[in-house]
Amino acid sequence: SFDYDRFLRNRERPKPVEIPDHEYYVFIADTPWMAHDYILFDIPSVITKAEYAITINGFLDFIEAKTGKKIIIAAHPKHSSEDNIYNDRPFLCDTEQLIKYSSGVICHYSGATRFAVIHEKPLCFVSLWKMKDDWHFQGMTRAYADEIKAPIYYIDKNDSLSDMIRNGFFCYDSNAYKKFTRKYINPGNCIDRLLWDIVADTLSKDYALD
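Residues numbered from 1 in each chain as written. Predicted model: local features only at pLDDT ≥ 70, side-chain atom pairs only at ≥ 80, totals over all residues. Heavy atoms only, no water.

If you tally the helices and strands in the chain, you get 9 helices and 6 strands. Taking 17 Å as the expected radius of gyration for a compact globule of 210 residues, we find that the chain reaches 19 Å, a close match to that expectation. When the 210 residues of the chain are sorted by exposure, 46% land in the buried category. A fraction of 69% describes how many contacts in the chain between residues 6 or more apart in sequence connect residues 24 or more apart. Roughly 11300 Å² of accessible area belongs to the chain as shown, and the carbon and sulfur atoms make up 52% of that amount. In the chain, which carries 26 positive and 31 negative side-chain charges, the distance between the mean positions of the two groups comes to 5 Å. (Helix = DSSP H or I, 4+ residues; strand = E, 2+ residues; numbered from the N terminus. Rg over C-alpha atoms; globule rule 2.2 N^0.38 Å. Buried < 20%, exposed > 50% of the residue type's maximum accessible area, 1.4 Å probe, protein only. Contact = heavy atoms within 4.5 Å. Areas by Shrake-Rupley, 256 points an atom, 1.4 Å probe, with all protein chains shown as cover. Lys, Arg positive; Asp, Glu negative; His and termini not counted. Charge placed at Lys NZ, Arg CZ, Asp CG, Glu CD.)

On to helix 3 (residues 49–67). Taking 1.5 Å of rise per residue, the 19 residues of helix 3 would be expected to cover 27 Å, and the 27 Å separating its terminal C-alpha atoms lies within 8% of that figure. Among all positions of helix 3, only Tyr52, Ala53, Ile56, Asn57, Phe59, Leu60, Phe62, Ile63 and Glu64 are buried. Packing partners of the buried residues in helix 3 comprise strand 1 (24–28), strand 2 (70–74), strand 4 (105–107), strand 5 (123–127) and helix 7 (158–167). Residue Gly68 follows helix 3 closely and has a positive phi angle near 75°. (Expected span 1.5 Å × (residues − 1).)

What follows covers the sheet that holds strand 3 (residues 91–92). The 6 strands lie next to each other as 3-2-1-4-5-6, forming an open sheet whose pairing is parallel. What marks the edges here is a single partner per strand, and that holds for strand 3 and strand 6 (152–154). Both strand 4 and strand 5 contribute to a ladder of 3 bridges, which runs parallel. Residue pairing across strands places Cys107 opposite Phe125, the latter belonging to strand 5. Relative to the sheet, helix 6 (residues 135–148) contacts strand 5 and strand 6, its axis offset from that of strand 5 by approximately 155°. Set on the sheet, helix 7 makes contact with strand 5 and strand 6; between it and strand 6 the angle comes to about 135°. (Pairing = 2+ DSSP bridges. Axes fitted to C-alpha atoms, helices over the stretch in contact; angles between N-to-C directions.)

What follows is the structure, encoded as structure tokens:
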């Protein structure tokens, strides 16, 4: 995984100044309204930007109130200020470092969950019942949650939020994280080596045999 390369390159990096010293959670931003993936793949959206903004901010307010921890938004590098719908919460693009120093990670689905696994941070997968028939959004969220052996909570259903409180907001299954790492991040035989170093060494050996 190229994300593992980023982790290796950042290991000795000082803590970025924009990351606070207090404990916080990270929410990995998504755009399930008619934007980005929905436009690219011509997928009909079942929620508007305004509707999603109300629901997601209500949920983030709920988490902050229940846990006493603030939430920082991890933006995708391609997100613009127009995608920042999070009521003045910090909206930062340094996802790997944000996750590294966090107490936990909340998301729908994202390749950045690999950083949560690498840094052994607990995960919370959330969806919207309003979007239960959105095969892209729901299918991707289910795929990631299944790999991590974590439940999905529906943030627009009171009974699901009650389950979240009862079960604990986050999930960490060490065996699932180890399996996920072997499948998608690092096979285990190149722990401290960059991908292209491995490729270069392999090619050098092949040419040496010639």
